[in-house]
Amino acid sequence: QVQLVESGGGLVQAGGSLRLSCAASGRTFSSYAMGWFRQAPGKEREFVAAISYSGRSTYYADSVKGRFTISRENAKNTVYLQMNSLKSEDTAVYYCAARGGPRARVEVQEYDYWGQGTQVTVSS
């Protein structure tokens, strides 16, 4: 069993920054690719960013490319999402997810474990 816990969400003004963290309880964290997804009210869960097990490969949704950065510290069993130049349309619940494999994926169905989410609200 793998447990993921997100933190760092909150209220921020448009144009501001926020950093989300995801802490994993598993001892095989370094072998998992990780991803961030988000879901706004009335909308389906959508891909935000993903990173391979080693951190050598990253992928971003077009809507966040150039503004968000995904990174990981395997020694701390933690993945991060640095969010800059935030917009009101970034408002959503953000979820951390883990794959039982090393390669990054952008599809929701490719992930095996999910956190409970953290709320990000951007005021305009």
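These figures come from a predicted structure and were not determined experimentally.

Colleague: Help me get a handle on the sheet that holds strand β7 (residues 68-73), residues and values and all.
Modeller: Read from one edge to the other, the open sheet built from four strands follows the order β1-β3-β8-β7, with strand pairing classed as antiparallel. The sheet is open, and its two borders are formed by β1 (4-7) and β7, each paired with just one other strand. Ignoring which end each strand starts from, the neighbouring axes of this sheet average 15° apart. As defined by bridge partners, β7 adjoins strand β8 (residues 78-83) across six bridges and the pair is classed as antiparallel. Paired with R72 across the strands is V79, a residue of β8.

Colleague: Got a sec to walk through the nonpolar core? Specific residues and values, please.
Modeller: M34, W36, V79, L81 and Y94 are the most contacted members of the largest nonpolar core, which totals 35 residues. Sorting the residues of this core by element identifies β3 (18-24), β4 (34-39), β5 (46-51), β7, β8, β9 (92-98) and β11 (118-123) as the ones contributing at least two each. Residue contacts for V79: discarding those within four places in its chain leaves L20, S21, C22, F29, M34, W36, I51, I70, S71, R72 and C96.

Colleague: Could you give an account of the pairing of β7, with specific residues and numbers?
Modeller: Where burial is concerned, the two faces of β7 differ: the one with F68, I70 and R72 is buried and the one with T69, S71 and E73 is not. If you look at the hairpin formed by β7 and β8, you'll find four residues sitting between the two strands, and N77 has a positive phi there, around 55°.

Colleague: Would you mind going over the state of the cysteines in detail, with residue names and values included?
Modeller: Summed over the entire model, instances satisfying the criterion amount to one disulfide. The side chain of C22 participates in a disulfide bridge whose partner is C96; the two sulfur atoms lie 2.0 Å from each other. One quick way to see it: the torsion about the S-S bond of C22 and C96 is about -80°, and its sign makes the bridge left-handed. In this pair, C22 sits in strand β3 while C96 sits in strand β9, placing the two residues 74 residues apart along the sequence. Residues C22 and C96 agree in their burial class; the two are buried.

Colleague: How would you explain the packing of aromatic side chains if you had to name every residue and give the values?
Modeller: One pass over the structure, following the stated rule, counts five aromatic pairs. Taking 6.3 Å as the distance between ring centres and 35° as the angle between the ring planes, the aromatic pair formed by Y32 and Y113 counts as tilted. With Y32 in the loop between β3 and β4 and Y113 in strand β10 (residues 113-114), this residue pair connects regions lying 81 residues apart in the sequence. With a relative accessible area of 13%, Y32 lands in the buried category. The class of Y113 is partly exposed, set by a relative accessible area of 27%. One aromatic cluster is present, formed by F37, F47, Y111 and W114 through successive ring pairs. Here the basic side chain of R45 rests over the ring of Y95, its NZ or CZ set 3.8 Å away from the ring centre. The side chain of R72 reaches across the aromatic face of F29, ending 4.6 Å from its centre.

What counts as what
- Residues numbered from 1 in each chain as written.
- Predicted model: local features only at pLDDT ≥ 70, side-chain atom pairs only at ≥ 80, totals over all residues.
- Heavy atoms only, no water.
- Pairing = 2+ DSSP bridges.
- Helix = DSSP H or I, 4+ residues; strand = E, 2+ residues; numbered from the N terminus.
- Axes fitted to C-alpha atoms, helices over the stretch in contact; angles between N-to-C directions.
- Core = buried A, V, L, I, M, F, W, Y, C linked by side-chain atoms within 4.5 Å.
- Buried < 20%, exposed > 50% of the residue type's maximum accessible area, 1.4 Å probe, protein only.
- Contact = heavy atoms within 4.5 Å.
- Disulfide = S-S within 2.5 Å.
- Phe/Tyr/Trp six-rings, centres within 6.5 Å; stacked < 30°, edge-to-face > 60°.
- Lys NZ or Arg CZ within 6 Å of the ring centre and 35° of its normal.

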